[in-house]
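Analysis of the macromolecular model
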Amino acid sequence: MSSNQRVVHHPRRHPFVDRANSPDDDHLDAVDVWDVDALVASDVHTVHLHVDFDHIAPDDMWAWCTGLRRAGIHLAYTVHDIDNPLLVDQQAHHLRLAALVHHADELYTSTPAAGAEIVTRWARHAFVVPHPPMVDDATIEAIRRRPPRIRPALVWLGAPAPNVDLDVVIDVVTRVHRPIEIVARLDGWDGLGDDGRGRLIDAVGRSTSSELVITGYPDDAELVELVAQRPALVLPYAWGTHCGFVRLATDLGVTALVPAVGCHADQGALVADADEFAELVAAVVASVPVAVG
């Protein structure tokens with residue numbers, strides 16, 4: 001973006017958004033990004049959209065993009081989720097993306113694989129800007145100087161994201177015979193439903209090396225520590241494009257493992273097809289010193 005522009009970012013604060021900022025930009029935090037008249041009144045030159053717009057109906061998104069163009073306001077869009085991990089039905093999400101990609105004056109994404117997918121789907125070119133670190137340099141350096149990690153590998157279920165593949169989780173629990181810890185946030189645990197919880201409890205009960213932990217809502221610092229203590233982070237996703245947890249693990253020198261969906265390999269994760277994923281986890285866990293510390 002050129003200098004001396006009035007720029008509105010959505011969301012206002014995010015590691016990728018902060019990286020996109022230019023010191024010459026005049027940032028406006030108060031104006032409503034979805035109110036084109038307010039943007040015009042504030043003399044906004046560019047809107048940069050990243051994530052958190054699922055509440056906008058596809059037709060309304062198209063109308064908003066059209067309104068920006070008529071008002072002479074540039075649209076920059078960073079394509080983060082080609083497939084949204086928080087949605088089962090992707091139809092409305094893809095329609096929103098089609099509107100944004102069609103109207104954007106500038107497109108960005110964070111991996112070459114996503115860039116190639118954007119060309120395939122929409123015949124548009126996106127600048128690839130790698131996602132910045134999720135934690136600051138001092139924290140990364142301090143953590144990397146610690147002794148080798150001795151906590152069990154972490155299988156993170158987290159929040160009630162619908163893209164968690166419970167079959168993959170149970171396969172890992174069944175076939176990995178070194179210590180692993182399956183951790184779910186309380187709301188994520190509730191989100192599995194009675195059947196899902198029962199299946200997982202049964203699998204863990206039959207395992208001699210896995211443990212199930214239900215936790216509260218960790219803050220950012222607690223999440224960093226949760227990942228930093230582990231030799232490996234297992235993210236059992238059925239779909240999605242990019243993941244901040246993969247980038248966090250990479251920052252901290254922790255091996256991230258994800259089924260072969262989306263663009264996680266380009267983010268630094270080790271990937272395998274779902275039916276071979278437990279074998280990958282078992283091989284990685286067997287290659288590092290793991291003991292309950």
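Our subject is the structure that appears above.
Before going into details, it helps to say that this report is about the structure given with it. (Residues numbered from 1 in each chain as written. Predicted model: local features only at pLDDT ≥ 70, side-chain atom pairs only at ≥ 80, totals over all residues. Heavy atoms only, no water.)

A short note on the pattern of salt bridges
If the charged atoms of two oppositely charged side chains come close together, the side chains can form a pair. For the structure on display, the rule yields 13 salt bridges. Among the salt bridges present, the one from Asp187 reaches Arg185, with a minimum N-O distance of 2.6 Å. Asp194 serves as the salt-bridge partner of Arg197, at 2.3 Å between the closest nitrogen and oxygen. Of this pair, Arg197 and Asp194 are both found in helix α9 (residues 193–206), 3 residues apart, which corresponds to roughly one turn of the helix. Counted as one network, the salt bridges with shared partners bring together Asp83, Glu117 and Arg121. (Salt bridge = Lys/Arg side-chain N within 4 Å of Asp/Glu carboxyl O. Helix = DSSP H or I, 4+ residues; strand = E, 2+ residues; numbered from the N terminus.)

With respect to helix α11 (residues 244–251)
All buried positions along α11 are accounted for by Phe245, Val246, Leu248, Ala249 and Asp251. Of the surrounding elements, those touching the buried residues of α11 are α6 (137–144), β7 (153–158), α10 (220–228), β10 (232–234) and β11 (255–259). Of the residues trailing α11, Gly253 is marked for its positive phi of about 75°. (Buried < 20%, exposed > 50% of the residue type's maximum accessible area, 1.4 Å probe, protein only. Contact = heavy atoms within 4.5 Å.)

As for the layout of surface pockets
Within this model, the largest pocket holds a volume of roughly 1,300 Å³. Taken together, 40 residues form the lining of the largest pocket, with His80, Met134, Cys243, Gly244 and Phe245 sitting closest to its centre. Listing elements by their share of the lining of the largest pocket, those giving two or more residues are β7, α10 and α11. Per-element accounting of the lining of the largest pocket gives the leading share, 4 residues, to α10. Broken down by class, the residue content of the lining of the largest pocket amounts to 23 nonpolar, 12 polar and 5 charged. (1 Å grid on protein atoms, 1.4 Å probe; cavity = no way out; pocket = protein on both sides within 12 Å on 5 of 7 lines; lining within 4 Å. Points joined across faces, edges and corners; volume = space filled by probe spheres on them. Nonpolar A, V, L, I, M, F, W, Y, C, P; charged D, E, K, R; others polar.)

Notes on unusual backbone geometry
A negative phi holds for most residues other than glycine; trans holds for most peptide bonds. For the peptide bond that leads from His10 to Pro11, omega is 0°, which places it in the cis range. Within the secondary structure, Pro11 is located in the loop between β1 (6–10) and α1 (15–20). In this structure, Asp43 takes a positive phi of about 60° despite not being glycine. In this structure, Asp43 sits in the loop between α2 (36–41) and β3 (46–49). Phi at Ala123 is positive, roughly 55°, even though this residue is not glycine. Tracing the backbone through its elements, the reader meets Ala123 in the loop between α5 (112–122) and β6 (127–128). Overall, Ala123 belongs to the exposed group, its relative accessible area being 64%.

Concerning the side chain of Gln90
Inspection of the secondary structure puts Gln90 in the loop between β4 (74–78) and α4 (91–103). For Gln90, a relative accessible area of 13% translates into the label buried. Beyond its immediate chain neighbours, meaning those up to four positions away, Gln90 contacts Ile82, Asp83, Asn84 and Trp239.

A word on the nonpolar core
By size, the foremost hydrophobic cluster in this structure holds 29 residues, and its most contacted members are Val47, Trp64, Tyr77 and Leu100. Contributing elements (two or more residues each) for this core: α2, β3, α3 (58–71), β4, α4 and α5. With 28 residues, the next largest nonpolar core counts Val168, Ile182, Ala278 and Leu280 among its residues. (Core = buried A, V, L, I, M, F, W, Y, C linked by side-chain atoms within 4.5 Å.)

Observations regarding α4
With 13 residues, α4 ought to run about 18 Å at 1.5 Å a step, and its terminal C-alpha atoms sit 19 Å apart, in line with that. Inspection of α4 places His93, Arg96, Leu97, Ala99, Leu100, Val101 and His103 among the buried residues, and these make up the whole buried set. Structurally, α4 contributes buried residues whose contacts are with β3, α3, β4, β5 (106–109) and α5. (Expected span 1.5 Å × (residues − 1).)

Comments concerning the environment of Arg121
Along the polypeptide, Arg121 turns up in helix α5. Ignoring any residue separated from it by four or fewer positions in sequence, one finds Arg121 in contact with Ile82, Asp83 and His94. Looking at Arg121, its side chain comes within polar contact range of the side chain of His94, at 3.5 Å. (Polar contact = N/O pair within 3.5 Å; in protein donor to acceptor, adjacent residues only side chain to side chain.)

Points about the state of the cysteines
Using the criterion set out here, one finds 0 disulfides in the structure. Here Cys243 stays free of any disulfide, with the sulfur of Cys263 as its closest cysteine sulfur at 12 Å. Classification of Cys263 as buried rests on a relative accessible area of 8%. (Disulfide = S-S within 2.5 Å.)

Observations concerning the sheet that holds strand β12 (residues 270–272)
On the basis of which strands lie adjacent, the open sheet formed by 6 strands has the order β9-β8-β7-β10-β11-β12 and parallel pairing. Every interior strand has two partners, whereas the edge strands, β9 (210–215) and β12, have only one. Direction aside, neighbouring strands of the sheet carry axes that sit 25° apart on average. When β10 meets β11, the two strands line up parallel, connected through 3 bridges. Bridge pairing links Leu233 to Ala256 in β11. Across the sheet, α11 lies against β7, β10 and β11, angled at about 155° from β11, the strand it touches most. Against the sheet, helix α12 (residues 277–286) touches β7, β10, β11 and β12, its axis set at about 170° to β11. (Pairing = 2+ DSSP bridges. Axes fitted to C-alpha atoms, helices over the stretch in contact; angles between N-to-C directions.)

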